[in-house]
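Chains, contacts and geometry: an overview
Listed below are the residues making up each chain.
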Amino acid sequence: MQALVYNGARDVVVTEVPDARIERPTDVLVRITTTNICGSDLHMYEGRTTMEPGRVLGHENLGEVVEIGSAVDRIKMGDMVCLPFNVACGHCKNCEAGLTGFCLTLNPGTAGAAYGFAGMGPFNGGQAELLRVPYGDFNCLRLPVDAKEKENDYVMLSDIFPTGWHCTELAGLRPGESAVVYGAGPIGLMAAYSALLKGASKVLVVDRHPDRLRLAEQIGAIAIDDSKASPVEQILNLTGGEGADRGCECVGYQAHDPQGHEHPNMTMNNLVRSVRPTGGIGVVGVFLPQDPGAPDDSTRRGEIPFDMGLFWFKGQKIGTGQANVKAYNRRLRNLIHTGRATPSFVISHELPLEQAPEGYRHFDARDEGWTKVVLHPDGRHR
Ligand SMILES: [Zn+2]
Ligand SMILES: [Zn+2]
């Protein structure tokens, strides 16, 4: 099959690899029709993770079931399914508690597995023609009759829509509260969108790329350009000097200032200053325990200078970690099905699989207008 393979920093190629196949009786094999390039793929693309060369990338996957293992009951051939980026067993302590992002079975020695992701187990990604889905009955989200018509919306259930939603949950957002979102990439836009769907009174989105800020305004958020003035001061001005009730971190450890200099603690410390006393902060931007490309020893170990004093003094709370996609994906699917949510608004480009390297290059360069790239390995847009 054709697949996008990671060779090394800024070196990905679409090439022939052995077909994904059923390996265990509980597996399902999916022919991928839509798979996205994610902002978190860029950490790997840039060589800023422990990703092994030769792996297939891609954790935002949707497609048609073309083969089922002998122990699969619920999922049938021909089902259109969306796969949570978390690969989970369904029967460990964490999966039982709904914490499928921290499955204890599939990535032994740590908690949490994912397709095509550094440090998240051996699973290949879905930027390919075929994807092996372990524990298919548990992991496949079946899509309704409008699966094909709304494919570009439903594919966002694999990661960014639930992850944005999760960020507002971690922050503790309640209807009528205000929220500030740092980062207007696809995840930040989904966090802002989720906050608005949940009835936030005011949503402020901080970024500096005009195309992303335009999308934030388009969904009803207030755009804050941090290249023009201090984002903290702009937020305090817009919240009566108090700060927002809730804050969302959707940038991660490669945060950088408008001049391009990396400061891994920048958004975290800005959030402490931008959120009101006793407010909540949700962190879904990626922070990693190892950053081989970091400029010094402590950041190589994933340590950042965090403003603990002000955080404690303000009595704030932080929730962190990747989203447990299965905790939300059914309900968010229903919002899409009934027309209440259309997360495909983030998509800027649809490409055939063979143009994936070009998609990576533009998305990585934050080229104007490349907000979200969707790949179709089924030959569309060729
Ligand atoms: Zn993703
Ligand atoms: Zn599990």
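Residues numbered from 1 in each chain as written. Chains lettered and ligands numbered in written order. Predicted model: local features only at pLDDT ≥ 70, side-chain atom pairs only at ≥ 80, totals over all residues. Heavy atoms only, no water.

Thoughts on the overall build of the chain
Selection criterion: Elements are defined by DSSP. Helices are runs of H or I of four residues or more, strands are runs of E of two residues or more, and each kind is numbered from the N terminus. The quantity called the radius of gyration is restricted to C-alpha atoms. Its globule counterpart is 2.2 Å times the number of residues to the power 0.38. A 1.4 Å probe rolled over the protein chains alone gives each residue an accessible area, and that area as a share of the maximum for its type sets the label: buried under 20%, exposed over 50%, partly exposed in between. The contact criterion used throughout is that any non-hydrogen atoms of two residues lie within 4.5 Å. Method for areas: the Shrake-Rupley scheme with a 1.4 Å probe, in which residue coverage is limited to the protein chains shown.
The secondary structure content of the chain amounts to 13 helices and 15 strands. What you see for the chain is a C-alpha radius of gyration of 20 Å, in line with the 21 Å of a compact globule of 382 residues. Once the C-alpha set of the chain is aligned to its principal axes, its extents read approximately 60 × 45 × 40 Å. The proportion of buried residues among the 382 residues of the chain is 58%. The contacts in the chain between residues at least 6 apart in sequence include a share of 73% that link residues at least 24 apart. Here the chain has roughly 14,900 Å² of accessible surface; of this, 51% comes from carbon and sulfur atoms.

Concerning the UniProt feature "domain: Enoyl reductase (ER)" (unreviewed entry) in the chain
Stated precisely, the cut-off is as follows: UniProt positions are given in the numbering used here, feature names are shortened, and annotations may be inferred rather than shown by experiment.
With numbering aligned to this structure, UniProt lists the feature "domain: Enoyl reductase (ER)" (unreviewed entry) at residues 8–375. End C-alpha to end C-alpha, residues 8–375 measures 21 Å, and it is 26% helix and 21% strand.

Examining the coordination of the zinc ion (ligand 1)
Definition in use: In this listing, donors mean N, O and S atoms no farther than 2.8 Å from the metal, or 3.2 Å for Na, K and Ca; water is missing from the atoms, so a site can look incomplete. Geometry assignment treats four donors as tetrahedral when all angles are between 85 and 135 degrees, treats four as square planar and six as octahedral when opposite donors are over 155 degrees apart and all others between 65 and 115, and treats everything else as irregular.
Note on the zinc ion (ligand 1): its protein donors are Cys38 (SG), His59 (NE2), Glu60 (OE) and Asp159 (OD). The metal-donor distances range over 1.8 to 2.2 Å. Classification of the site at the zinc ion (ligand 1) as tetrahedral follows from its four donor atoms and the range of 91 to 130° in their angles at the metal. Taken in chain order, the donor set of the zinc ion (ligand 1) reads C-x20-H-E-x98-D. Pair noted here: histidine 59 is in the loop between helix 1 (39–45) and strand 4 (61–68) and aspartate 159 is in the loop between helix 4 (151–154) and helix 5 (160–171), with a separation of 100 residues, a long-range link.

Focus on the sheet that holds strand 12 (residues 275–283)
Note the cut-off: A pair of strands is considered paired only if DSSP assigns at least 2 bridges between the two. Whenever a helix is involved, its axis is fitted only over the stretch in contact; in every case the axis is a line through C-alpha atoms, and angles between N-to-C directions fall within 0 to 180 degrees.
Across the sheet, which stays open at both edges, the six strands sit in the order 10-9-8-11-12-13 with parallel pairing between neighbours. Taken across any chain shown, the strands that pair with only one partner, and hence form the sheet edges, are strand 10 (222–225) and strand 13 (317–320). Averaged over all neighbouring strand pairs, the angle between strand axes comes to 20°, with direction disregarded. Bridge analysis of strand 8 (residues 178–182) against strand 9 (residues 202–207) gives five bridges, and the strand direction is parallel. For valine 180, the partnering residue across the bridge sits in strand 9 and is leucine 204. Across the sheet, helix 8 (residues 231–238) is in contact with strand 8, strand 9, strand 10 and strand 11 (244–249); its angle to strand 10 comes to roughly 150°.

With respect to unusual backbone geometry
Here the phi dihedral of arginine 10 falls at roughly 50°; this positive angle occurs in a residue that is not glycine. With respect to the helices and strands, arginine 10 occurs in the loop between strand 1 (2–8) and strand 2 (11–16).

Considering the coordination of the zinc ion (ligand 2)
Looking at the metal site, the zinc ion (ligand 2) is ligated by Cys89 (SG), Cys92 (SG), Cys95 (SG) and Cys103 (SG), spaced 2.4 Å from it. Metal-centred angles of 102 to 117° between the four donor atoms at the zinc ion (ligand 2) mark the site as tetrahedral. Here the donor residues for the zinc ion (ligand 2) map to a single chain with the spacing C-x2-C-x2-C-x7-C. Here cysteine 103 lies in the loop between helix 2 (93–96) and strand 6 (130–133) and cysteine 89 lies in the loop between strand 5 (80–83) and helix 2, a separation of 14 residues in the sequence.

Observations concerning the pairing of strand 10
Filter applied, for reference: Clockwise travel from the first strand over the helix to the second, with the strands pointing away from the viewer, marks a crossover as right-handed.
Where strand 9 and strand 10 come together, four bridges link them in parallel fashion. Residue pairing in the sheet places valine 205 in a bridge with alanine 223 of strand 10. After leaving strand 9, the chain enters helix 7 (residues 210–218) and then returns to the sheet as strand 10, a path that is right-handed.

Structural notes on the layout of surface pockets
The criterion, for reference: Points on a 1 Å grid, built from protein atoms alone, make a cavity when a 1.4 Å probe fits but cannot get out and make a pocket when they are open with protein on both sides within 12 Å along at least 5 of 7 lines; residues with an atom within 4 Å of a point are the lining residues. Grid points are joined across faces, edges and corners, and a volume is the space filled by probe spheres set on the points. Ten residues, namely Ala, Val, Leu, Ile, Met, Phe, Trp, Tyr, Cys and Pro, are considered nonpolar, four, namely Asp, Glu, Lys and Arg, are considered charged, and the remaining ones, Gly among them, are considered polar.
Of the voids in this model, the second largest pocket is the one considered here, and its volume is about 290 Å³. Together, 17 residues line the second largest pocket, and Asp19, Ala20, Glu23, Asn124 and Arg132 are the ones closest to its centre. Here the residues of the lining of the second largest pocket are counted per class, giving 10 nonpolar, three polar and four charged.

Examining a nonpolar patch on the surface
Under the convention used in this document: What makes a patch is a set of residues exposed beyond 30% relative accessible area and free of salt bridges, joined within 9 Å when like-charged and within 5 Å when nonpolar (Val, Leu, Ile, Met, Phe, Trp, Tyr). One side-chain nitrogen of Lys or Arg within 4 Å of one carboxyl oxygen of Asp or Glu is enough to make a salt bridge.
On the surface, a cluster of nonpolar side chains totalling about 460 Å² of accessible area is made up of Met308, Trp312 and Phe313. Turning to its location among the elements, tryptophan 312 is positioned in helix 11 (residues 308–313). With relative accessibility at 67%, the residue tryptophan 312 sits in the exposed group.

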